Amino acid sequence: MSDRRQLEFNGTIFENIINRELASRYSDAIVLPNVTLWSDFLEKNTQIDLLLIHPRGVFVIEAKSWRYYVTGEYGDTHWQGKSSNLKVMSTFNPVNQNMIHIRALRNAIRTKCGVEPINFVNIVCFPDGTKIKSKCSEVCNLSLLTEKIDEIILGRPIVIDTAKYLSLITSVCKVETDA
């Protein structure tokens, strides 16, 4: 298997682990994997790894399966790290990548549905054991993901209609149904 295909395979496995964790922890929420939508900024389709539609908000989660370390900050265009193939790799800043996803989703809901959506939450998750060399508050390891979500949930006074947001999202996006 090529390095790229192996990384994609590892990424899919990690996304499935996160999906199961979220589904088991948040029974009052809806988890959507692999949500595809058009990005005007990118001028092409883009894919959100996972969406958690919870009564206290919508969480847009970027899963990165890098295993050894990742380093990067808000102002960095690219972040570097090392994954299972032991090569130092570079990727577009995942916090910014997820902001592009969030903007595309908000814009689609605004323009196609005529609804001003709530502010969505940006989270980038790495496997446990990955050393995160970043001060970006959106970034965490898997074991801290639900703690981060719980902290945000507790601090949010809003309550949303999850069925309404599911309907809005599925009306503007292609959602994978067999994950």
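Anyway, here's the lowdown on the structure attached to this text. Only a predicted model underlies this, so the values are computations on that prediction, with no experimental measurement involved.

Conventions used here
- Residues numbered from 1 in each chain as written.
- Predicted model: local features only at pLDDT ≥ 70, side-chain atom pairs only at ≥ 80, totals over all residues.
- Heavy atoms only, no water.
- Buried < 20%, exposed > 50% of the residue type's maximum accessible area, 1.4 Å probe, protein only.
- Helix = DSSP H or I, 4+ residues; strand = E, 2+ residues; numbered from the N terminus.
- Arc of directions from axis to C-beta.
- Contact = heavy atoms within 4.5 Å.
- Polar contact = N/O pair within 3.5 Å; in protein donor to acceptor, adjacent residues only side chain to side chain.
- Phe/Tyr/Trp six-rings, centres within 6.5 Å; stacked < 30°, edge-to-face > 60°.
- Core = buried A, V, L, I, M, F, W, Y, C linked by side-chain atoms within 4.5 Å.
- Patch = residues over 30% accessible without salt bridge, like charges linked within 9 Å, V, L, I, M, F, W, Y side chains within 5 Å.
- Areas by Shrake-Rupley, 256 points an atom, 1.4 Å probe, with all protein chains shown as cover.
- Salt bridge = Lys/Arg side-chain N within 4 Å of Asp/Glu carboxyl O.
- Pairing = 2+ DSSP bridges.
- Axes fitted to C-alpha atoms, helices over the stretch in contact; angles between N-to-C directions.

## Some details on helix 4 (residues 162-172)
Thought 1: Those residues of helix 4 that fall on the buried side of the exposure criterion are Thr 162, Tyr 165, Leu 168, Ile 169 and Val 172. Along the axis of helix 4, the buried residues cluster in a sector spanning 125°; they form a single face.
Thought 2: In this fold, the buried residues of helix 4 make contact with strand 1 (30-39), strand 2 (44-54), strand 3 (57-63) and helix 2 (94-113).
Thought 3: Backbone nitrogen of Ala 163 and a side-chain oxygen of the N-cap are separated by 3.1 Å at the start of helix 4; the cap is Asp 161.

## Examining the packing of aromatic side chains
Thought 1: A complete count under the given rule lists one aromatic pair for this structure.
Thought 2: Plain terms: the ring middles of Phe 120 and Tyr 165 are 6.4 Å apart, the flat faces sit at 80° to each other, and that makes the pair edge-to-face. Pair noted here: Phe 120 is in the loop between helix 2 and strand 7 (121-126) and Tyr 165 is in helix 4, with a separation of 45 residues, a long-range link. Taken individually, Phe 120 and Tyr 165 each receive the classification buried, so the pair is uniform in this respect.

## A few points about unusual backbone geometry
Thought 1: The phi dihedral of Asn 34 is positive, around 50°, even though this residue is not glycine.
Thought 2: Position of Asn 34 among the secondary structure elements: in strand 1.
Thought 3: For Glu 43, which is not a glycine, the phi torsion comes out positive at approximately 60°.
Thought 4: If you trace the backbone, Glu 43 turns up in the loop between strand 1 and strand 2.

## Focus: the side chain of Asn 141
Thought 1: In this structure, Asn 141 sits in strand 9 (residues 139-141).
Thought 2: Here Thr 130 takes part through its backbone oxygen, which lies 2.9 Å from a polar atom of the side chain of Asn 141.

## Things to note about the nonpolar core
Looking at soluble globular proteins, one finds that nonpolar side chains tend to be buried together.
Thought 1: Within the largest apolar cluster, 23 residues are counted, with the highest numbers of intra-cluster contacts made by Leu 51, Val 58, Leu 105, Phe 120 and Ile 169.
Thought 2: At the level of elements, strand 1, strand 2, strand 3, helix 2 and helix 4 are the ones that each hand at least two residues to this core.
Thought 3: Of all the elements, helix 2 adds the most residues to this core, at five residues.
Thought 4: Every residue in contact with Leu 51, bar those within four places of it in the chain, is listed here: Ile 30, Val 31, Leu 32, Val 35, Val 58, Phe 59, Val 60, Leu 105 and Ile 169.

## Describing the environment of Ile 160
Thought 1: Assignment of secondary structure puts Ile 160 in the loop between helix 3 (142-154) and helix 4.
Thought 2: On a C-alpha basis, the gap between Ile 160 and Cys 136 in space is 27 Å, while along the polypeptide they are 24 residues apart.
Thought 3: Apart from the residues lying within four places of it in its own chain, the contact partners of Ile 160 are Ile 53, His 54, Pro 55, Gly 57, Val 58, Ile 118 and Tyr 165.

## Considerations on a nonpolar patch on the surface
Thought 1: Side chains of Phe 9, Ile 13 and Ile 17 sit close together on the surface and give an oily, nonpolar patch of about 240 Å² of accessible area.
Thought 2: Here Phe 9 shows up in helix 1 (residues 3-25).
Thought 3: On the accessibility criterion, Phe 9 (45% relative accessible area) is partly exposed.

## What about the sheet that holds strand 7?
Thought 1: Pairing in this open sheet of six strands is mixed, and the strands run 9-7-3-2-1-10 from one edge to the other. Each having just a single partner strand, strand 9 and strand 10 (174-175) make up the two edges of the open sheet.
Thought 2: In this structure, strand 1 lies alongside strand 2, joined through nine bridges in antiparallel fashion. Bridge pairing in strand 2 links Ile 30 to Ile 53.
Thought 3: This element, helix 3, spans strand 2, strand 3, strand 7 and strand 9 of the sheet and lies at about 130° to strand 9.

These values are about where atoms sit, not about what they do.
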